[in-house]
Amino acid sequence: MEEVLLVKFGEVALKGQNRYIFENRLIAAIENNIKDIAGYFISREIGRYIVRAETGPFDYDLIVPKVASVLGLVSCCPCIRDFDKDIENINNLCLFHMQNKYPNKQGTFKIKATRSHKTYPLNSQELAAAVGKHILDNTEGLTVSLTNPDITLIVELRNYVYIYSEEIKGFGGLPVGSCGRAMALLSSGIDSPVACFLTAKRGCLVEAVYFDSPPYTSERALIKVKDICATLSAYTAIARLYVVNFTDIQLKIKEKTPQDKFTIMLKRSMMRVAERLAVKNNCDALITGDSIGQVASQTLKSLAAIDAAVTMPVIRPLSGLDKQEITQLAQKIKTYDISIRPFEDCCTIFIPKHPDTKPKISAIENFERRIQGLMELTDAAAENVTVYEY
Ligand code: ATP
Ligand code: MG
């Protein structure tokens, strides 16, 4: 008998001929997340991955959080496994699991059995019934409830038999890197970290660009962004952070633009720099944390004016989410507490009192053309970046 962690994956299993690419990515991501802990490795089972300890016992408290945070996983289950699938052995292992995990438990249980080899002498119902009877006969205080049990004990027959009663949910999605690479505009706010996470969850490797405006923005805002990246990297949801000095562009725009157009112009310049960085680093899309209608620069007309500055597709994973939904996600992925620290990023300085919510693209382009040196500053900003690896 061996203590292991059984890993379930969902959508990866549906990917037909490309399945091996998705699987290899997923295994690589799990390996990456546990690489700093000596003595654990991954092996394959029919339809499952198994994390094993070179020598027992298995430290679930240490390993489970590292594995459960890998994108593309449905769940993971601390379990015992054995090669001997004889019914007597299975009965004894199940009894051992129940007595060991729930000593002196008063309550109800149910057995759920599955078989990947249909040649096994008992079918799933017979197997579940046999195990259930063995547990009933050898414990006190436990009774069967098929509808609403306190404990569901699962017996999976694969190359080995797996026995478990606890399932820790993962995030689902696709393994990072299986669907290309995208460049996210990452601020120190609540929204864009969630947008990065959701994009990574759909299999994109995310690189991020942060626009810094010293001395108008505090060093602490940059620290927030770095802390957010470190948090996102636990899900392998971020690969790299590019920090762009945006002060000159911001001052130039402020000086030469009517106040109500300031934010749109600023965002267009951000997009241009981000697109240049994206092209240079093989990214195929830009990601932002905009949510439709949240603020003046997020009306459909404003978003259209912003997107017209670039040709690359701009993906907004939060388009349809309310602030409350975004906040809940931010809490779940643990970026929220970092984002609400008080130091603001560049979008909150020089904010106009009455921003234009229906900007005309042609008018914006005219203003931009009149700002001498703006494109040169944009090129320079994209050339002069500080890179952090995660
Ligand atoms: P967030 O919470 O992500 O900051 P927000 O609701 O505050 O978003 P805005 O400040 O208008 O909205 O920003 C909209 C989007 O523009 C952000 O989600 C982000 O993608 C991008 N963005 C804004 N400021 C920056 C910045 N300083 N660096 C990089 N991207 C930025
Ligand atoms: Mg913001």
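Thresholds applied
Residues numbered from 1 in each chain as written. Chains lettered and ligands numbered in written order. Predicted model: local features only at pLDDT ≥ 70, side-chain atom pairs only at ≥ 80, totals over all residues. Heavy atoms only, no water. Buried < 20%, exposed > 50% of the residue type's maximum accessible area, 1.4 Å probe, protein only. Helix = DSSP H or I, 4+ residues; strand = E, 2+ residues; numbered from the N terminus. Phe/Tyr/Trp six-rings, centres within 6.5 Å; stacked < 30°, edge-to-face > 60°. Near = heavy atom within 4 Å. Polar contact = N/O pair within 3.5 Å; in protein donor to acceptor, adjacent residues only side chain to side chain. Areas by Shrake-Rupley, 256 points an atom, 1.4 Å probe, with all protein chains shown as cover. Nonpolar A, V, L, I, M, F, W, Y, C, P; charged D, E, K, R; others polar.

Asks: Describe in detail unusual backbone geometry, supporting the description with residues and values.
Replies: In this chain, Pro214 is followed by Pro215 through a cis amide linkage whose omega measures 0°. A positive phi is found at Asn282, a non-glycine position, where the angle reads about 60°. With a relative accessible area of 59%, Asn282 lands in the exposed category. If you check the backbone angles, Lys334 has positive phi at about 70° while not being a glycine. Of note, Lys334 is situated in the loop between helix H10 (323–332) and helix H11 (336–339). Residue Lys334 is classed as exposed on the basis of its relative accessible area, which comes to 60%.

Asks: Account for the packing of aromatic side chains, naming residues and giving values.
Replies: Summed over the entire model, instances satisfying the criterion amount to 9 aromatic pairs. Both rings, one in Phe9 and one in Tyr49, keep their centres 4.5 Å apart while their planes meet at 25°; by these two values the pair is stacked. Of the two residues, Phe9 is situated in strand E1 (residues 2–9) and Tyr49 in strand E3 (residues 48–53); the sequence distance between them amounts to 40 residues. As far as burial versus exposure is concerned, Phe9 and Tyr49 are alike and both buried. Seen from their ring centres, Tyr40 and Phe58 are 5.0 Å apart, and the 75° between their planes marks the pair as edge-to-face. Residue Tyr40 is located in strand E2 (residues 40–45), and its partner Phe58 is located in the loop between E3 and helix H2 (60–68); the two are separated by 18 residues in the primary sequence.

Asks: Which residues make up the site of ligand 1, and what values go with them?
Replies: In the vicinity of ligand 1 lie 22 residues, with Leu185, Ser187, Asp191, Ser192 and Gln294 positioned nearest. Between ligand 1 and Phe211 there is a distance of 3.0 Å, counted from a nitrogen atom to a backbone nitrogen or oxygen. In the environment of ligand 1, an oxygen atom lies 2.7 Å from a nitrogen or oxygen atom belonging to the side chain of Gln294. Coverage of ligand 1 by the protein amounts to 91% of the 570 Å² it exposes when considered alone. Elements that contribute at least two residues to the shell around ligand 1 include exactly helix H5 (191–201), strand E11 (205–212) and helix H8 (262–280). When residues of the shell around ligand 1 are assigned to their parent elements, the largest contribution, 3 residues, is made by E11. Looking at the shell around ligand 1 residue by residue, the class counts come to 9 nonpolar, 8 polar and 5 charged.

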